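# Fold and geometry: a report
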Amino acid sequence: MKQLIEVYTQNFNGVWFAFACTQQQIIASSFDSSQQVTLRNVLGNIPFDLPFQVFHEPSAFAKITLSFLKSIYEGQNVSVNFSLALTRLPAYTQKVLKATAQIPLGYVASYGSIAKAVGGGPRAVGNIMAANPFAPIVPCHRVVKSDFTLGGYGGGLRAKVELLGKEKRGFSSPKGIAVSGRQLMVFPVEYVLRDLD
DNA sequence: TGCAAACCATAAC
DNA sequence: GTTATGGTTTGCA
């Protein structure tokens, strides 16, 4: 018997969060100023062959997930080892999402640099960011253009700027992190924000 | 700056 | 199979 997928939606400080999960895994997540938009994002990422239901009383796992989402939204540093339902996604998509998840808080990486680390091209990476089922858990807001301008964001560029602003940690120099056996350069988020005034 | 061409996985036909 | 679509990048005027 297929496991029933639970869907939750909740407002926090004027922002709507929604996510779908089983008792162990997140299937999709989203946030937006509009409840309708965020709910639609989540529902659209539930596999069509699985039954789901909208719940109001969060299960234990859902409670954890909710506070996790809020923490991310507030720019807090939370560990990324959260169980996401990746296996139904195409292999390359999984690779890109995993690489993105490794960008540390306080830093950004470019579409092109991620492409170089995992293979493929920058536009393919951009397409996957645009379709990210796990916003903001997989921090696609930390992916920007190679010239440190913003690039795009599903929830609107204003939301991207706000999130990045909350993630400022005052780092001053780039560093390399290991991603699928290669080196991925990440840059302080201030590189992006300093030109925006 | 601005524009054209190359780039590349996906989804939609 | 084939085509269309981008949250891009690079080179060149």
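To continue, consider the protein's contact with DNA strand C. Around DNA strand C sit 18 residues, and of these Asn127, Met129, Ala130, Cys140 and Lys145 come closest. Sugar and phosphate atoms represent 43% of those atoms of DNA strand C found within 4 Å of the protein. Here a base nitrogen of DNA strand C and a backbone polar atom of glycine 152 are 3.0 Å apart. Mapped onto the surface near DNA strand C, the elements with two or more residues apiece are helix H4 (111–118) and helix H5 (122–130). Residue composition of the surface near DNA strand C, grouped by class: eight nonpolar, seven polar and three charged.

Looking now at the packing of helix H3 (residues 91–101) against H5. Viewed as axis vectors pointing N to C, H3 and H5 meet at an angle of 80°, and their least axial separation amounts to 10 Å. One element, H3, and the other, H5, form an angle in the roughly perpendicular class. Residues Tyr92, Thr93, Val96, Leu97 and Thr100 of H3 form the contact with H5, whose participating residues are Ala124, Val125, Ile128 and Met129. A class-by-class count of the residues in the contact of H3 with H5 yields seven nonpolar, two polar and no charged.

The subject of this paragraph is unusual backbone geometry. Residue proline 136 follows alanine 135 across a cis peptide bond; omega there is -5°. Mapped onto the elements, proline 136 comes out in the loop between H5 and strand E6 (143–144). Positive phi, close to 50°, is recorded for asparagine 13, a residue that is not glycine. Following the sequence through the fold, asparagine 13 ends up in the loop between strand E1 (5–12) and strand E2 (15–21). For asparagine 13, a relative accessible area of 64% gives the class exposed. At phenylalanine 148, a position not held by glycine, the phi torsion is positive, near 70°. Relative to the helices and strands, phenylalanine 148 is located in the loop between E6 and helix H6 (157–166).

Our next topic: the protein's contact with DNA strand B. The full set of residues close to DNA strand B is Pro90, Tyr92, Thr93, Gly120, Gly121, Arg123, Ala124 and Asn127. Backbone sugar and phosphate groups make up 67% of those atoms of DNA strand B lying within 4 Å of the protein. Tyrosine 92 places a polar main-chain atom, nitrogen or oxygen, 3.4 Å from a phosphate oxygen of DNA strand B. Threonine 93 is positioned such that a nitrogen or oxygen atom in its backbone is 3.0 Å from a phosphate oxygen of DNA strand B. Of all the secondary structure elements, the ones that give two or more residues to the surface near DNA strand B are H3 and H5. Sorting elements by how many residues they give to the surface near DNA strand B places H5 first, with three residues. Residues of the surface near DNA strand B, tallied by class, amount to three nonpolar, four polar and one charged.

The rules behind these values
- Residues numbered from 1 in each chain as written.
- Chains lettered and ligands numbered in written order.
- Predicted model: local features only at pLDDT ≥ 70, side-chain atom pairs only at ≥ 80, totals over all residues.
- Heavy atoms only, no water.
- Near = heavy atom within 4 Å.
- Polar contact = N/O pair within 3.5 Å; in protein donor to acceptor, adjacent residues only side chain to side chain.
- Helix = DSSP H or I, 4+ residues; strand = E, 2+ residues; numbered from the N terminus.
- Nonpolar A, V, L, I, M, F, W, Y, C, P; charged D, E, K, R; others polar.
- Axes fitted to C-alpha atoms, helices over the stretch in contact; angles between N-to-C directions.
- Parallel < 35°, antiparallel > 145°, perpendicular 65-115°, else oblique.
- Contact = heavy atoms within 4.5 Å.
- Buried < 20%, exposed > 50% of the residue type's maximum accessible area, 1.4 Å probe, protein only.

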